[in-house]
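# Inside the fold
Below are the chains, spelled out letter by letter.
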Amino acid sequence: MQPVTTTFDAIVLGGGAAGLFCAAQAGQRGKRVLVLEKAEKVGKKILISGGGRCNFTNLGAGSANYLSANPHFAKSALARYTPRDFLALVEAHGIAWHEKTLGQLFCDGSAQQVVDMLMTECAKGDVTILTSREVSEVEHREGAFIVAASGTLYGAHSLVIATGGPSIPKMGATGYAYDLARQFGLKVVEPRPALVPLTLGGEDVLFRDLSGVSAEVDASANKAIFHEAALFTHRGLSGPAILQVSSYWRHGDPVTIDFLPGRPRDWLLEAKRCAPRTQFRTLLREALPQRLADTLAERLGLDGDLGNLPDKALRAAQERLHRWTFLPNGTEGFAKAEVTAGGISTAELSSQTMETKKSPGLYAIGEAVDVTGWLGGYNFQWAWASAHACAQAL
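Our subject in this report is the structure included herewith.

The rules behind these values
Residues numbered from 1 in each chain as written. Predicted model: local features only at pLDDT ≥ 70, side-chain atom pairs only at ≥ 80, totals over all residues. Heavy atoms only, no water. Buried < 20%, exposed > 50% of the residue type's maximum accessible area, 1.4 Å probe, protein only. Helix = DSSP H or I, 4+ residues; strand = E, 2+ residues; numbered from the N terminus. Right-handed = clockwise from strand over helix to strand, strands pointing away. Pairing = 2+ DSSP bridges. Contact = heavy atoms within 4.5 Å. Axes fitted to C-alpha atoms, helices over the stretch in contact; angles between N-to-C directions. Left-handed = near helix turned anticlockwise from the far one by under 90°. Nonpolar A, V, L, I, M, F, W, Y, C, P; charged D, E, K, R; others polar.

What you see with strand β2 (residues 33–36) is no split at all: Val33 and Val35 on one side and Leu34 and Leu36 on the other are buried throughout. With helix α1 (residues 17–28) bridging strand β1 (residues 6–13) and the parallel β2, this β-α-β connection has right-handed handedness. Both β2 and strand β7 (residues 128–130) contribute to a ladder of three bridges, which runs parallel. Its bridge partner lying in β7, Leu34 is registered against Thr128.

Okay, here's the thing in structure tokens:
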């Protein structure tokens, strides 16, 4: 390599949520920080998040809302930088916000406000931000990290991997964080799409005809259960409930849906006793969208007045409606995944500082790490919290 052009205290690879927040915090602590971003502008994923309004945190965020090979890893960072801490920053910048369901906080205006806030915070810390910089090589020599990007060499005592995961490749997302981690001998938990629609095949293909129909359900996979809306699509299943369980789902596993959550035991038999002349299909239509009710009735093979249907058949229908099993044949992949599950192994990192144990001065934060949040602002909170933990240590 040629001589280093510019030296810094820290170089942050990636100008997303975690990278910008880490750089801003470290810069305001007096560190000379450089952010290198591959895209032509920073914060591209922030701008499309939350339907363009950025679901920037969740008031209930805690370690139980995250998946990781080590479920305890996120506790330290999340405890030291909370949703209330980030909300205070948002309010200090005069950004109006509102709470949707389940503690989810959104901008009243645009996600651009969050990007502008992060850029203002970086400016306060005199952070240098360079866009359209493709990193071609990284090496560690004589106590410094040397980064070659777009024909220029940059040096720093510390290097922060904040390049995210491969979800939403049209935004320029790649698995570069994992390549870099492996270069430095770090283990990587197999990355897979998370918060992603599931696809249906086989007998379940019939449900694709319900494309556009949604219902409030309990969806479960591998002991994880979520009460939110499920949406049928032309390829399979989506909606918040399905996106949530997709993070826990593995190929070959079933997904179980309770189409009528909260109904009392033997509610169908009770309906038969109270209103024997009610049609089974009519009863389902009262509780579910008509197209869904009709499809379920057809699949159950039940029609006619409740009074003419055997108790045994109604009990079986109850069980099926509360535990309807789908066997997805896959997901819609990283192209439609909101985040990536897996990533740089937490066993390689300090939960206090996000520094790698094998390479002092090398850090990993945000989505690049094997910590994946639920849908609803949790992944942004992990970005802020892990970035804060790292910045305090730089």
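Having put the structure on the table, let's press on.
In this fold, Leu284 is placed in helix α9 (residues 280–287). For Leu284, a relative accessible area of 1% corresponds to the buried category. For the pair Leu284 and Asp204, spaced 80 residues apart in the sequence, the C-alpha separation amounts to 20 Å. In this structure Leu284 touches Leu260, Trp267, Ala293, Leu296, Ala297 and Leu321, once residues within four positions along its chain are discounted.

Remark on secondary structure: sheet strands pair via backbone hydrogen bonds, oriented parallel or antiparallel. Taken together, the three strands give an open sheet; going across it, the order is β3-β6-β5, and neighbouring strands pair in antiparallel fashion. In this open sheet, the two edge strands, each paired with only one partner strand, are β3 (55–58) and β5 (97–99). Strand-to-strand twist of the sheet, defined as the mean angle between neighbouring strand axes without regard to direction, takes the value 25 degrees. In the sheet, β3 pairs with strand β6 (residues 104–107) via three bridges, with the strands oriented antiparallel.

Positionally, Arg281 belongs in helix α9. By relative accessible area, Arg281 is classed as buried at 18%. Beyond its immediate chain neighbours, meaning those up to four positions away, Arg281 contacts Asp294, Ala297, Glu298 and Asp303.

Moving on: the packing of α1 against helix α12 (residues 378–393). At their nearest, the axes of α1 and α12 sit 8 Å apart, and the two run at 35 degrees to each other. Here α1 runs over α12; the crossing is right-handed. Across from Ala17, Ala18, Phe21, Cys22, Gln25 and Ala26 in α1, the residues of α12 making contact are Phe380, Ala383, Trp384, Ala387, His388, Cys390, Ala391 and Gln392. Classifying every residue of the contact of α1 with α12 by side-chain character gives 11 nonpolar, three polar and no charged.

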